[in-house]
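Breakdown of the fold
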Amino acid sequence: MASSVVTLNVGGEVFQTTAATLSRAGASSPLASLAPTPASAPHFLDRDPRLFAPLLSFLRRGRLAPSSPGSDPPSAALLAEARHFGVEGALLASLSPASAFSPLALRPSALLPLAGRVPPSAVAVSPSPHPASVFAAHGGVVTRFDASLASRGSVLTPLPAIDSLVAVSPELALAGARDFAGVHLCRFPDDAPATAREVLSWPGSPSATVLSMAATSATEVSSPWLFTSFESARRNSSSIVTFDMNSLSPLAEIGRKEVYGADVEAAIPASRLSWLGRHNLLLAAGSHSGPAGVVGDICLWDVRASATVPVWELREKEDCFADIAASEALSSLFKVGAASGEVFMADLRMLGGGGISIEPWVCIGDGQRAAAAASAGRKEGNGCRIECYLNWVFVARNAEVEVWTQVELAQEAGGKKLMRRNWVGNGPSFVMAGGGGDESVKEKTKIVSWAFGGSRMALARDDKRSIEVWDSAPAAISFNP
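The sections below set out a description of the structure shown in this document. Note that the structure is a prediction, hence the values are computed from the model and not measured. (Residues numbered from 1 in each chain as written. Predicted model: local features only at pLDDT ≥ 70, side-chain atom pairs only at ≥ 80, totals over all residues. Heavy atoms only, no water.)

1. Describing the overall build of the protein
Counting its secondary structure elements, the protein contains 5 helices and 33 strands. Just so you have it, the protein exposes about 21,600 Å², and 51% of that area is on carbon and sulfur atoms. (Helix = DSSP H or I, 4+ residues; strand = E, 2+ residues; numbered from the N terminus. Areas by Shrake-Rupley, 256 points an atom, 1.4 Å probe, with all protein chains shown as cover.)

2. What to know about the pairing of strand E15 (residues 237–244)
Of all 8 residues in E15, 8 are buried; the element is thus mostly enclosed. Side chains Ser237, Ser239, Val241 and Phe243 project from E15 onto one buried face, and the interleaved Ser238, Ile240, Thr242 and Asp244 project onto a second face that is buried too. Alignment of strand E14 (residues 225–231) against E15, held across 7 bridges, turns out to be antiparallel. Paired with Phe230 across the bridge in E15 is Ser239. (Buried < 20%, exposed > 50% of the residue type's maximum accessible area, 1.4 Å probe, protein only. Pairing = 2+ DSSP bridges.)

3. Considering empty space enclosed by the protein
Over the atoms, a rolled probe matching the size of one water molecule traces out where space is still vacant. Considering all chains together, one arrives at 3 cavities of 30 Å³ or more under this definition. Of the voids in this model, the largest cavity is the one considered here, and its volume is about 110 Å³. In terms of lining residues, the largest cavity is bounded by 16 residues, among which Ile240, Lys257, Ile268, Ala270 and Ala284 are the most central. Taken together, the elements giving at least two residues each to the lining of the largest cavity come down to E15, strand E16 (249–258), strand E18 (281–290) and strand E19 (293–301). In terms of residue class, the lining of the largest cavity is built from 9 nonpolar, 5 polar and 2 charged. Taken as a whole, the second largest cavity spans an internal volume of roughly 40 Å³. (1 Å grid on protein atoms, 1.4 Å probe; cavity = no way out; pocket = protein on both sides within 12 Å on 5 of 7 lines; lining within 4 Å. Points joined across faces, edges and corners; volume = space filled by probe spheres on them. Nonpolar A, V, L, I, M, F, W, Y, C, P; charged D, E, K, R; others polar.)

4. Things to note about the nonpolar core
Counting residues in each nonpolar core, the largest one holds 25 residues, and the members touching the most others are Leu8, Leu22, Leu31, Phe52, Leu55, Leu59 and Leu91. Every element with two or more residues in this core is listed here: strand E1 (5–10), helix H2 (49–61), helix H3 (76–84) and helix H4 (88–95). Ranked by residues supplied to this core, first place goes to H2 with 6 residues. Apart from the residues lying within four places of it in its own chain, the contact partners of Leu59 are Thr21, Leu22, Arg24, Ala25, Leu31 and Val87. Counting 19 residues, the second largest nonpolar core, distinct from the first, contains Trp312, Ile324, Leu333 and Trp361. (Core = buried A, V, L, I, M, F, W, Y, C linked by side-chain atoms within 4.5 Å. Contact = heavy atoms within 4.5 Å.)

5. Brief notes about H4
Glu88, Leu91, Leu92, Ser94 and Leu95 are the residues of H4 that are buried. Angularly, the buried residues of H4 cover 155° about the axis, an arc narrow enough to put them on a single face. Those residues of H4 hidden inside the fold are in contact with H2 and H3. (Arc of directions from axis to C-beta.)

6. Quick look at unusual backbone geometry
At the junction of Ser128 and Pro129, the peptide bond is cis and its omega measures out at 10° in the coordinates. The topology assignment puts Pro129 in the loop between strand E5 (122–125) and strand E6 (134–138). The phi torsion at Arg235 lies on the positive side, around 60°, for a residue other than glycine. Along the polypeptide, Arg235 turns up in the loop between E14 and E15. Using a relative accessible area of 38% as the deciding quantity, one classes Arg235 as partly exposed. Even without being glycine, Asn280 reaches a positive phi, approximately 55°. Its location among the elements puts Asn280 in the loop between strand E17 (272–276) and E18.

7. Describing the layout of surface pockets
Here the second largest pocket defines a volume of roughly 430 Å³. If you trace the second largest pocket, you find 28 residues lining it, with Arg83, Arg144, Asp146, Ser151 and Asp190 closest to the centre. The leading source of residues in the lining of the second largest pocket is H3, at 4 residues. Tallied by class, residues from the lining of the second largest pocket come to 14 nonpolar, 7 polar and 7 charged.

8. Brief notes about the pairing of strand E27 (residues 400–408)
Along any regular strand, the residues point their side chains to alternate faces of the sheet. Judged from the 6 bridges that link them, strand E26 (residues 392–397) and E27 form a sheet pairing that is antiparallel. Bridge assignment links Val393 to a residue of E27, and that residue is Trp404. The antiparallel hairpin formed by E26 and E27 contains 2 residues in its connecting segment, where Asn398 sits at a positive phi of about 60°. Here E27 runs beside strand E28 (residues 417–423); their pairing, made up of 7 bridges, is antiparallel. What sits directly across from Val407, in E28, is Leu418.

Right, dumping it as structure tokens:
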């Protein structure tokens, strides 16, 4: 055991640990190469021992100790020290791990103010295993808060307004708009100012606008991909283009559609994209509102098999989706009905291949109410949003968030699996400091955008020049810049 002990003299203070503990810093860290030494011949590191101590504790525990200086949130000095030893990414990721996510434990943990007078239009969170950095689009600006929520950086894009925002990593976000051309790459390097100089366009129509985006992770394919739904400036053609995010080159064009005459319903562009990596499927859905009501088009594409024929397609007319999402963990599609506002589920394993499918949806809410609303032509689902994250399904209704959880009944009850609804949080959305140090309660306003990542949920609300961050991690950060 003694042969594995590494003795360090850090700025005059002696530390002892094991080679296995130091190896957790990663092969690129200078700590990983330090061999065991006797106490009489320690390795000397000319660093601040007050900062090294919490980092060593982090390597031992996998998270910062609550009593560590600067641990809530990490100070700039501690983050700089972590960067020197190559553990900054792991440290930031530990602040909000996806393993700690629990929807019913979500609580407001930070209110992030945005510069300027324009409220946020879109929000995104870096996906796991990256640290959960938060991005917000307000006007033509994209602002990033690092995973500690203590460091902020902004970049001005050429877009007057942004309504599509995807976080690829803590260093890269993608911005697009329905009325302006191209996907704009917003880069946030640690050692340089943020930039937004690069643009991805539809090769067949460089002036095409962006309706939706979805990105894969580098762990699912050899290189991360970006799927972008484009619509031509004249609104007479659309296509989904796949880009290689390493080379920034287009790889394929999927489901190109052309509008002939006034038959818009025959070529509805995809306004919602979602990638199902385990199934190798891309969900592409869009809807059109006409004199006869709302018509929807839902497709599942196997991007490796065909770019012209989807593996499954459904045309919706009755209670068409107001929003739709896909869950890998539950192997299902979920939608909110535009007429009823109820939640529906379609099991991917029950969907037939090779063409148009029969009605696949099962209402997991109030089926009778859904049927009555659809028959009456109501619009109770307008403005609702739905999103899947890990094992849960979330629905935003105006200012509130509900969560659907899959539960398994006892064997004596048949052992079936059901979806049950609950609410995230309760009461006013936030307690904010008012003038003179007094606290005042602000009422909730409509949710205009939301995103999930790590143990966090980020919300952008109507007419609020800030981003709400909700966290379920045991040691959630509480920080108000």
